[in-house]
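Commentary on secondary and tertiary structure
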Amino acid sequence: MLMNSKVIILTSLCCLGLYNSALAQVLYSNTTLSVANGTSLYIGGAMTNDINSNFTYAGDVYLTGNYVNNQTAPHTVQAGTFRFVGSALQTIGGTATKTADADLATTRFNNVTIFNAAGVKPLGNVVISGALAFTSGDWNINNYTTNVKGAISGTGGAFMGSSTSDLILDSTGAVGSVKFKTGYEQLRNFTMNKASSGSATVGTKLDVYRALNLLNGTLTTSTTSNNRGATNLTLKSTGWASTAVIPAVTNGASISGNITVERNYPTNTTGRAYRMVCPQLNTIGSINDNYQEGQNNTSSTNVNTYPGYGTQITGSTTGANGLDLSQLGTPSMYTYNNASNAWVAVTATNTGTMAANNPYLLFIRGDRSHPLTSNTNYSGATTLRTTGTLITGNVALTTSSTPALNGTASKFSLVANPYPCTIDWNLLTSSGLGDSYAIYDAKLGTNGAYVSVNKQGTASAGAANRFIQPGQAFFVTTTAANPTLTFTESAKGSFSNLSNTMRTNGVDASLSFSLYQSERKLAGLTPQDGFVVSYDAMYSETIGKGDALKLTNKDETIGINYHDTTLGIYTKDQLLVADTLQIDIKQMKKKDYTLFINPDNIAKSGLQAYLIDRYENLTQAISLLDTSSYNFKITSDSGSFKKDRLFIVFKTTYPTSIDLFTNASVALQSNPILNNQLIWNVSQLPSALYTVKITNALGQELFSKNLDYNGDAQIKVSIPDLAPGIYNASLNSNSKHFNSKILITN
């Protein structure tokens, strides 16, 4: 051993078994400490590598205390073994022990042996370049990253992980069995990157909370046959945006064995709802084994062995064929026949298996804790989990695949995300299919609604974006014969893409429309449906890139009618004066509604938009700078729910019911009238003395006021309380007359 230090207390002995407790600690700086091959260094206390020191060892180091690494430069890793042999918990820390994710620059060991029943706990990221032996005691990864490059052996201890711990297995060769201490079988990220046919085996239960990275080599897992196995490797899901994923699998990496994948469905404020789902794996059990947790109700007694997991799937009045008994036996799970574009009820859940790319429509009631005999609208969260084998590589769908795509133009096909990871719709390879996909968003409206998303990330409503979620099924639209759709590893996203944010990448200008039941809007609830109009030079006048056909919802459906085709996303190369947007409304109820119109980067000098209500014969100006709203009512009168009742026009002058000055425009800002105030937006109106009058349907004057207009952008007039109804409002000068109908509500 070579050393040169002013402050150092240590001993060097040549054989294992000699120990002198009087030697307390080693502190050295501005020097090199080397342990030669064939020699051993025993430290009966803590060891500190100071800032400008250099520690190398080819022999063995025995340490009873904490290891403090303040060494600026990375360790020189040689062939020696570092043995933690204390009797109390030993820590690995110091200013050079990095704590940032993926920063593994300095604190490095070659071989490590744990011979301390109290264990070892790093206070930052650590690299073990050689082997790790668990002779006695555990390695607590803590909230950081441990990178092991060599083999792992020993039965005297195990890893201690958490949902904030990362473990990396890389380099080459066989790792052996990776085991975790009971109660600590968790990791945030687990990376398998063993080149040259390297391998590792997960020897205990393990829950991964963020990402399982398969970059190289073979990871062997349990052969358990169901979700409840004691040794399962599980991708955990604790919320919609907190779901573990397997990003792009590279270099032929693989999993030998089964894994379990979870998908959490949070509490739904509107109660139970349909969702389009898929299993993410090729399961080794039936629908019942997976989505129902291997149980079903065959009497009024509710079976819920695994609270928080699974859901009830109905379709039988007796609980036959694995289904849960219900009074009416109404089906709650469906497949979709792409050839006939029709839903088909699932009549048995206890036979066969599920394929990763098989899509379903499932009515999720929450977990199995709520009896089906109760009339209460249960809205609790649940986690659906599946167990089976992972699909990697390309998954190609054609008109002859399973499932098969519909080969007829304007027809829909329901398909599934086959991977336990997000996929970027913009990166999928396809031909003969439309530019958009559609999901069923359970959070919209009373019972959910279809939402379309195009490759630019524009969604017709809600918070969906171009990243299709794990466990999510979706519709595609055929545009030409022999369509194809190919899922690839390179199209996968990452954990960060789980957040549902709106993307409008590449869109120059847009108008977003959201239809609310007025009472739900006042209660702070979601819209019933919506659609988007986008303008950009990348688009064309005809249906094509960026456009999305509208799927009809169970409840209210709103879209754009373009040449008798209803669209959820309508795209156009540019907005022109005299353009018209015909709104299409369907499935309406006898209720009060509010339509919100939100512009984005669409305002142009001299351009004004107007909403026209054919049924009420009302015209209302729509702001191209701020959100506008229009209230209307659906009654038993067939005219009130006529599909073409509402439309938008763009003009430089007021479009209907008003006689204008040349180049002058006058338009109501809000109709119905808000807060007893008439507000006209005016442009190029000559200054003059004007009279404002309000009359009823019989022509009786109810209000009159003179005002001296001197060129302002708005005319504001406070009016008295009037009974709800339709009135005439006029703005008169000596030479001209402006008139429009106004609506007064409660």
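Let us look at the structure shown here. Chains are numbered independently. Their residues run from 1 in the order of the written sequence. Residue-level local features of this predicted model are given only where pLDDT is at least 70; pairs of side-chain atoms are given and counted only at 80 or more, and the full residue set underlies all totals for whole chains, interfaces and linings. The side-chain numbers reported here are obtained from all heavy atoms of the structure, hydrogens and water having been left aside.

Moving on, we come to the state of the cysteines. Here, the term disulfide refers to a pair of cysteine sulfur atoms separated by no more than 2.5 Å. The full count for this structure, using the stated rule, is zero disulfides. Lacking any disulfide linkage, cysteine 278 is separated from the closest cysteine sulfur, that of cysteine 421, by 12 Å. Residue classification places cysteine 421 among the buried positions, given a relative accessible area of 0%. Each residue's exposure class comes from its accessible area (1.4 Å probe, protein chains only) as a fraction of the maximum for that residue type: buried when under 20%, exposed when over 50%, partly exposed otherwise.

So, on to the side chain of aspartate 529. Comment: elements are numbered from the N terminus, with helices defined as DSSP H or I runs of at least four residues and strands as E runs of at least two. Structurally, the position occupied by aspartate 529 is in strand S48 (residues 529–535). The exposure class assigned to aspartate 529 is buried, which follows from its relative accessible area of 0%. Contacts are assigned to residue pairs that have any heavy atoms within 4.5 Å of one another. Among all residues touching aspartate 529, those that are not within four sequence positions of it are Ala449, Tyr450, Ala461, Phe513, Ser514, Leu515, Lys550, Asn553, Glu556, Thr557 and Ile558.

Within strand S29 (residues 259–265), seven of the seven residues are buried, which leaves the element mostly enclosed by the surrounding structure. Side chains of S29 alternate between two faces, with Ile259, Val261, Arg263 and Tyr265 and Thr260, Glu262 and Asn264 buried alike. Note: strand S25 (residues 233–235) against S29, two bridges, orientation parallel. Bridging across to S29, leucine 235 finds its partner in valine 261. At least two DSSP bridges between two strands are required for those strands to pair.

Salt bridge, as applied in this entry: a Lys or Arg side-chain nitrogen positioned within 4 Å of an Asp or Glu carboxyl oxygen. Enumeration according to the criterion identifies 19 salt bridges in this entry. Residues glutamate 293 and arginine 385 are paired through a salt bridge, measuring 2.8 Å at the closest nitrogen-oxygen approach. Of this pair, glutamate 293 sits in the loop between helix H1 (287–291) and strand S32 (314–316) while arginine 385 is found in strand S37 (residues 382–389), placing the two residues 92 residues apart along the sequence. Owing to a relative accessible area of 10%, arginine 385 belongs among the buried residues under this scheme. Between aspartate 424 and arginine 466 there is a salt bridge; the shortest N-O distance is 2.8 Å.

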